[in-house]
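For reference, the chains in residue letters:
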Amino acid sequence: MVARDSTRPAAPARRRLSWLGPLAAATLSAALPGCVDAVTVEQPPPPPGLGVNESRTLTLEFLRFDARRFAKTLTLDELRAIPRPTLEGIWLLDLDIAALIENALLKIMYMPPAEIDALPPASRNLVGLLNITPENADLGGTSLEGLLGVGNAVGLPTSKILSDLVGVAGNERLIPVQITSQAVLENLVSTHPNTKTRRGPPTDEHPDGIYPVAPHSIPVTLYDVVTDFAGLAEQFGPTPLDPEAPDGPKHPGFIKAAAGVKAALDDFTMTVRVNVNALPYKGVDATTAAVASVNSTPGQIDTLFDFSEPDWLELDNLAKNLSIGELTLAIPESAMYLPGGTLPEPAPRGNSPVWEQPLWEFEHILARAGELKAAQIEEHCTSYGPQGSSTSDFQPVEVCIDATGWTEISVDDSVVVEEPSPSYFWDILLEVAQARLHDGGLAEGKANLEVPLRDVPVGVKTEDLVASIKENLAKDPAVLKDMAIELNDNAAGDADFYLYQPSTESGVAGQRDYLYFVAPDDIRKDAEGERVRDYAYERPGFFADAALAKKVSTTEEIDGDALHEKVEVQQGDTLYFADDEGRRYEIRVGDKPSAHRLSLTLTRIQ
């Protein structure tokens, strides 16, 4: 637990960014007709804390400064000055990266020869695999190699068999890029822990603050946008499969390196318009028995933004064509050779050991691509005679594939070749691909794929990006709460409770006085965005007895606030509470020096 400093701090020395900066300056300049000399006010030393049975009388004020549709424009530098945890907590959207993966595969397939030559051997072999067609398929070193003998015996091109089997032209790719992309998304991308869940504010539906990420997507935060996605490789690199077991099994990740992402241009600005009481609430820090200021923003988050106005949020100068300047995709290879299956059971995939391997390994991805392709192939049988398909009685070769993808190639006994064993279509693909991946003498387990790419389009339009961001934030404005607190940073000290005066039907405050017990969101933060203390109250709220057995405060909704424990007070009332270190206090409510002031006598009783 973070220890609570018994010394009451003065008002924060550093104001990072204030909603009221330009507004307050304009107000003061209008109020002061002439120049005045600067005045330095010495801060008094903090008062000592109370001993047991000691008392101190304090006066609290309730003031409002309502700003309506106040526009605050933040530059890129100003946004970057906000603590990283705050920026990372502002989820903008789940970005569908199906187009990014497909664009990356297309970049590999159409890579210029000079760039291919510069690749590691396994990556060079991958380029060939992605471009494999019936015409260029190399069956050497596989069980299908015997089909080459058929060609010699009866003049039947092997490419003809493959073309008819798959239902593609001779120079058409066996596996289209869309299917390969889907397999990579399913097996490699979507299995990464950071594409499954993201963090957000705790809610009744998500009490742990863990939210699911949309399929085939990566979560994007404001931190990603203002830092040009600087954390891509860290976020989507090797990661423990179980966040609670950091030393346990890891996902290998799918982004080895990334740079040159220009999401926000140098003149990027973010403008928000708010309706806010910008002044802090005045409360009591029982540890020092002194008046402290509580940031008023958390209790206003539901009314802070008017989502009915289209200009409540404006994002200007985002990159028009979002792309990644330098991207290295990584796909690991299995450490062992994985033969294709030879039996149709267990259905529906057969007995190849590839299905027992991690989903993200290259061989498993390839088998899945074959499975997806097989689902598109119509059940058929084709017989072949000399010089190709024939109506004569002599048809030495018959190729059949059924609705499950089970494939059989039968060769007449008169043709002296080794007949391939029946198998599923994906088993054939797996065998051929593994042979070609290791061309050049690569050993098993030494063909991990790392392919550097340049200028890969993300595949999303800027206007669609902005529309999604505004829609998501409007549905869940709580994600902006920490940034709003940061921008309206007016907390000072560590109050345990504060004074609040609800608005009446006529809009006038001051006729009723309430004490609000602080909630976790009220704990102030340091310059790095970390809370200065834990919320360690064992029994938050106000009680009618010193034993804290009869609670009199509730979380009834007042002015949209249903978060804080609150109780209405009048002169002569006596209440009891405990602070975050377990000390107990008595509150005696005194008189009202004016409509917006209330005196209290605080006594430490334990």
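Computed from a predicted structure; not experimentally measured. (Residues numbered from 1 in each chain as written. Predicted model: local features only at pLDDT ≥ 70, side-chain atom pairs only at ≥ 80, totals over all residues. Heavy atoms only, no water.)

Describing the overall build of the protein chain
Heads up, the rule is: Elements are defined by DSSP. Helices are runs of H or I of four residues or more, strands are runs of E of two residues or more, and each kind is numbered from the N terminus. With a 1.4 Å probe rolled over the protein chains alone, any residue whose accessible area is under 20% of its type maximum counts as buried; one over 50% counts as exposed, and the rest are partly exposed. Residues count as neighbours in contact if any of their non-hydrogen atoms are within 4.5 Å of one another.
A tally of regular secondary structure across the protein chain gives 16 helices and 25 strands. The 606 residues of the protein chain split such that 50% are buried. By sequence separation, contacts in the protein chain at least 24 residues apart represent 71% of the contacts at least 6 residues apart.

Focus: the side chain of Thr382
Summarising the element assignment, Thr382 is placed in strand β15 (residues 380–384). Looking at Thr382, the relative accessible area reads 17%, which means it is buried. Every residue in contact with Thr382, bar those within four places of it in the chain, is listed here: Asp164, Val397, Glu398 and Val399.

Focus: the packing of aromatic side chains
Describing an aromatic ring pair means giving the distance of the ring centres and the angle of the ring planes. We apply this condition: Here a pair means two rings of Phe, Tyr or Trp (six-membered ring of Trp) with centres within 6.5 Å. Their orientation is stacked below 30 degrees between planes, edge-to-face above 60, and tilted elsewhere.
A full pass over the atoms with the stated rule returns 21 aromatic pairs. Consider the rings of Phe62 and Tyr281, whose centres lie 5.9 Å apart with planes at 10°: the pair is stacked. Remark: Tyr281 occurs in strand β11 (residues 281–285) and Phe62 occurs in the loop between β1 (55–61) and β2 (66–75); sequence separation between them is 219 residues. Tyr281 matches Phe62 in its accessibility class, with the two residues each being buried. Between Tyr498 and Tyr516, the aromatic rings sit 5.5 Å apart at their centres with planes inclined by 35°, giving tilted as the arrangement. In this pair, Tyr498 is assigned in strand β20 (residues 497–500) and Tyr516 in strand β21 (residues 513–517), connecting sequence segments 18 residues apart. As far as the burial class goes, Tyr498 and Tyr516 line up, both buried.

Quick look at the environment of Val274
Here Val274 is to be found in strand β10 (residues 264–277). Residues Val274 and Lys72, 202 residues apart in the sequence, show an inter-C-alpha distance of 8.2 Å.

What to know about the sheet that holds β11
Formally: A pair of strands counts as paired when DSSP detects no fewer than two bridges linking them. Angles shown run from 0 to 180 degrees and are taken between the N-to-C directions of axes, each axis being a line fitted to C-alpha atoms and, for helices, limited to the stretch in contact.
The five strands are arranged β12-β11-β20-β21-β22 in an open sheet whose pairing can be described as antiparallel. Two strands in the sheet have a free side with no partner beyond their single neighbour: β12 (290–294) and β22 (566–569). Strand-to-strand, the axes of this sheet are offset by a mean angle of 35°, without reference to chain direction. For β21 and β22, the ladder comprises four bridges, and the chain directions are antiparallel. Within β22, the residue paired with Leu515 across the bridge is Val567.

Digging into the environment of Leu359
With respect to the element layout, Leu359 can be found in the loop between β14 (321–331) and α13 (362–374). In the structure, Leu359 is positioned 168 residues away from Thr191 in sequence and 7.7 Å away in space, judged by C-alpha atoms. Not counting residues within four places of it along the chain, the set of residues in contact with Leu359 comprises Asn187, Thr191, His364 and Ile365.

Describing the state of the cysteines
Keep this limit in mind: Defined by distance alone, a disulfide is two cysteine sulfur atoms within 2.5 Å.
As enumerated under the stated definition, the model contains one disulfide in all. Between the sulfur atoms of Cys381 and its disulfide mate Cys400 the distance is 2.0 Å. Note on the Cys381 and Cys400 pair: the S-S dihedral is about 120°, so by sign convention the disulfide is right-handed. Here Cys381 is found in strand β15, whereas its partner Cys400 is found in strand β16 (residues 397–401), with 19 residues between them in sequence.

What to know about the nonpolar core
The tendency in soluble globular proteins is for nonpolar side chains to be buried as a group. Selection rule: We define the nonpolar core as a collection of buried residues of types Ala, Val, Leu, Ile, Met, Phe, Trp, Tyr and Cys that are connected through side-chain atoms lying within 4.5 Å of one another.
Of all hydrophobic cores here, the largest spans 118 residues; its most connected members are Leu79, Ile97, Leu222, Met270, Leu473 and Met483. Ranked by residue count, the leading element in this core is helix α14 (residues 425–437), at eight residues. In this structure, Ile97 is in contact with Leu185, Val189, His216, Ser217, Ile218 and Phe254, ignoring residues within four places of it in sequence. Counting 33 residues, the second-largest nonpolar core is a separate cluster that includes Tyr281, Ala292, Leu499 and Phe542.

Description of the pattern of salt bridges
As a reminder of what qualifies: A pairing counts as a salt bridge when a side-chain nitrogen of Lys or Arg comes within 4 Å of a carboxyl oxygen of Asp or Glu.
All chains considered together, the criterion is met by 26 salt bridges. Between Glu314 and Arg273 there is a salt bridge, with the nearest N and O atoms lying 3.2 Å from each other. Placement of Glu314 in strand β13 (residues 313–318) and of Arg273 in strand β10 is noted, with a sequence separation of 41 residues between them. Among the ionic contacts, a cluster of salt bridges with common partners joins Arg69, Arg273, Asp311 and Glu314.

Some remarks on the environment of Ser143
With respect to the helices and strands, Ser143 occurs in the loop between α6 (121–130) and α7 (147–154). Its relative accessible area of 38% is what places Ser143 among the partly exposed residues. Expressed as a C-alpha distance, the spacing of Ser143 and Ile428, which sit 285 residues apart in the sequence, is 8.5 Å. For Ser143, the residues in contact, after removing those within four places along its chain, are Pro420 and Glu431.

Some words on the packing of helix α4 (residues 98–109) against α6
As a reminder of what qualifies: Throughout this description, any angle smaller than 35 degrees is read as roughly parallel, any larger than 145 degrees as roughly antiparallel, any in the 65 to 115 degree range as roughly perpendicular, and the remainder as oblique. Three categories are distinguished: nonpolar for Ala, Val, Leu, Ile, Met, Phe, Trp, Tyr, Cys and Pro, charged for Asp, Glu, Lys and Arg, and polar for the others, with Gly belonging to the last.
The contact between α4 and α6 brings their axes to 9 Å, and the two run at 100°. In terms of axis orientation, α4 runs roughly perpendicular to α6. Contacts between α4 and α6 involve Leu105, Ile108 and Met109 from the first element and Leu126, Val127 and Leu130 from the second. For the contact of α4 with α6, the class distribution of residues is six nonpolar, no polar and no charged.

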